Amino acid sequence: MLDLIVTGGIAVTPSGAEPADIGVARGKIAAIGQSLARDNAKRILDAKDRLVLPGGIDVHTHLDMPFGGTTSADDFETGTRAAAFGGTTTLIDFAIQYKGQSLRTAFDTWMQKASAKATADYAFHCIITDLPQARLDEMDELVREGVPSFKLFMAYPGVFMLDDATIFKAMRRASKVGGMICMHAENGGAIDVIVQQALAEGKTAPKYHALTRPTTAEAEATSRAIALAEMAGSPVYIVHLSCNDALEKVREARDRGLPVYAETCPQYLYLSLEDMDKPGFEGAKYVFTPPLREKWHQEKLWNGLKQDHLQVVSTDHCPFCFKEQKEMGKDDFTKIPNGGPGIEHRMSLIYSGGVAKGRFSVNRFVELVSTTPAKIFGLYPRKGTIAIGSDADLVIFDADREQTISAATHHMRVDYSMFEGIKVKGIPDVVLSRGRVLVEGDQFHGKAGQGSFLKRATYSGA
Ligand SMILES: [Zn+2]
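Residues numbered from 1 in each chain as written. Predicted model: local features only at pLDDT ≥ 70, side-chain atom pairs only at ≥ 80, totals over all residues. Heavy atoms only, no water.

Take the coordination of the zinc ion next. Distances from the zinc ion to its protein donors, His60 (NE2), His62 (NE2) and Asp316 (OD), fall at 2.1 to 2.2 Å. We note that the donor set of the zinc ion lies within a single chain, spaced as H-x1-H-x253-D. One end of the pair, His60, is in strand β6 (residues 56–61); the other, Asp316, is in the loop between β15 (312–313) and α11 (346–356), with 256 residues separating them in the sequence. (Donors = N, O, S within 2.8 Å, 3.2 Å for Na, K, Ca; no water. Helix = DSSP H or I, 4+ residues; strand = E, 2+ residues; numbered from the N terminus.)

This is the structure we're talking about:
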């Protein structure tokens, strides 16, 4: 007996796009076939003329995160809900270890934020800000608990930034126990000097956030992260890569066969420095790190996605409302909370710019937004594919439907959209998480607390 059958759609994986019925039982994919017996199922979901995709996986989100005296505007309920409307059914968020705390405390704190609220499945990376010798063992413990990835910062001196020795130690430890290091790669020391000089010269408008963080600072740190990982014998994953200079470093390393991976985000593919020149304080809507770059970088990044120099698209969703939150930096760009909202529109933006515009195939699209994230971060084959035994996280996706993105209609709990007015083609119609219908058209059927923590496996290649 099947709980439901998704009938008549084109099932897409990295290796194929075939007409198939997909049968679901107890939250898992139980049957895949040409015409499954319908009288056998409690419910039929018609996917005729549409694609059926594995649920999207966003490996970089910041829900309910304290930053600069405020907290990101989406919590685990509103964030997973908005994600689901966009076809994303799994998130990997970041549990932050503050100085002096154990890594365990970070994990426990974020589990508390998520467990009663998440409407879809979630996992965590652990952000390490403080790693004396005595704490290194805690990394092993976290890996055993299903948190096998650690994010380190080469930026934000005095807050998150770690020195090279600490980064190197963490990489060596991670490589021993099957962990993965995720790196925020920007040279925070140099950036800080440039920022202080700008402020001293009275340059306080939002655009100076971008103008004080050169692409060279990102490229240098990317290159240093790769070198440290090479010496440590560990894989490394560069988060939110924003510019061609850094992309070149990743490409060179991969050409040498090193286990180096990188993600970019829709904002770097669709927005540019010009958006920061909008009148008044509007530019604050685009204050996130790394910053927006000159427009020509966009095509380089799209090409990087096509050529597999970049392997993943995540969002770095970190929403702050324009009113009251972004406004904290009205007179000083360094006080604008860093981050932008994007969790809802990743799949449509990447389908639209990637597949509909002819830059890459629908198979490559699925690889970038679901399959490779699952493989790199220990969720595959439970997530990231359409196969018997995998979780029934499925998206019935209308490749022809168009929509104009707007804060007036989005589901994120934030008062503006970074992508306001952008027209996308390719919209999720129905979204399933472990066989439960979360989204059907404009209706949400999920419930807070329904999502599960995903204990992830160690890194074993991608
Ligand atoms: Zn981030």
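The discussion continues.
Here the largest pocket defines a volume of roughly 560 Å³. What lines the largest pocket is a set of 26 residues, and nearest its centre among them are Phe67, Tyr156, Val159, Thr334 and Asn338. It is helix α5 (residues 188–200) that contributes the most residues to the lining of the largest pocket, 5 residues altogether. For the lining of the largest pocket, a count of residues per class yields 13 nonpolar, 9 polar and 4 charged. Taken as a whole, the second largest pocket encloses approximately 310 Å³ of empty space. (1 Å grid on protein atoms, 1.4 Å probe; cavity = no way out; pocket = protein on both sides within 12 Å on 5 of 7 lines; lining within 4 Å. Points joined across faces, edges and corners; volume = space filled by probe spheres on them. Nonpolar A, V, L, I, M, F, W, Y, C, P; charged D, E, K, R; others polar.)

Here helix α4 (residues 164–176) contains 13 residues, and its C-alpha end-to-end distance of 18 Å stays within 8% of the 18 Å for a straight helix at 1.5 Å per residue. Along α4, the residues classified as buried are Thr166, Ile167, Phe168, Ala170, Met171, Arg173 and Ala174. Along its buried surface, α4 packs onto α3 (136–144), β11 (149–153), β12 (180–184), α7 (215–232) and β13 (236–238). One side-chain oxygen at the N-terminal end of α4 lies 3.3 Å from the backbone nitrogen of Ala165; it belongs to Asp163. Gly178 sits one or two residues past α4 and shows a positive phi near 80 degrees. (Expected span 1.5 Å × (residues − 1). Buried < 20%, exposed > 50% of the residue type's maximum accessible area, 1.4 Å probe, protein only. Contact = heavy atoms within 4.5 Å. Polar contact = N/O pair within 3.5 Å; in protein donor to acceptor, adjacent residues only side chain to side chain.)

This brings us to helix α10 (residues 296–307). The end-to-end C-alpha separation of α10 is 17 Å, in line with the 16 Å expected for 12 residues at 1.5 Å each. Every buried residue belonging to α10 is among His297, Gln298, Leu301, Trp302, Gly304 and Leu305, and all of these are buried. An end-on view of α10 places all buried positions within 155 degrees of arc, on one side of the element. Of the residues one or two after α10, Asp308 is the one with positive phi, at around 70 degrees. (Arc of directions from axis to C-beta.)

This part is about empty space enclosed by the protein. Going through the model one piece at a time under the given rule, you end up with 3 cavities of 30 Å³ or more. Taken as a whole, the largest cavity encloses approximately 170 Å³ of empty space. Lining the largest cavity are 18 residues; nearest its centre among them are His62, Phe67, Lys151, Tyr156 and Asp316. Looking at the lining of the largest cavity, its residues break down into 9 nonpolar, 7 polar and 2 charged. Estimates place the volume of the second largest cavity at around 40 Å³.

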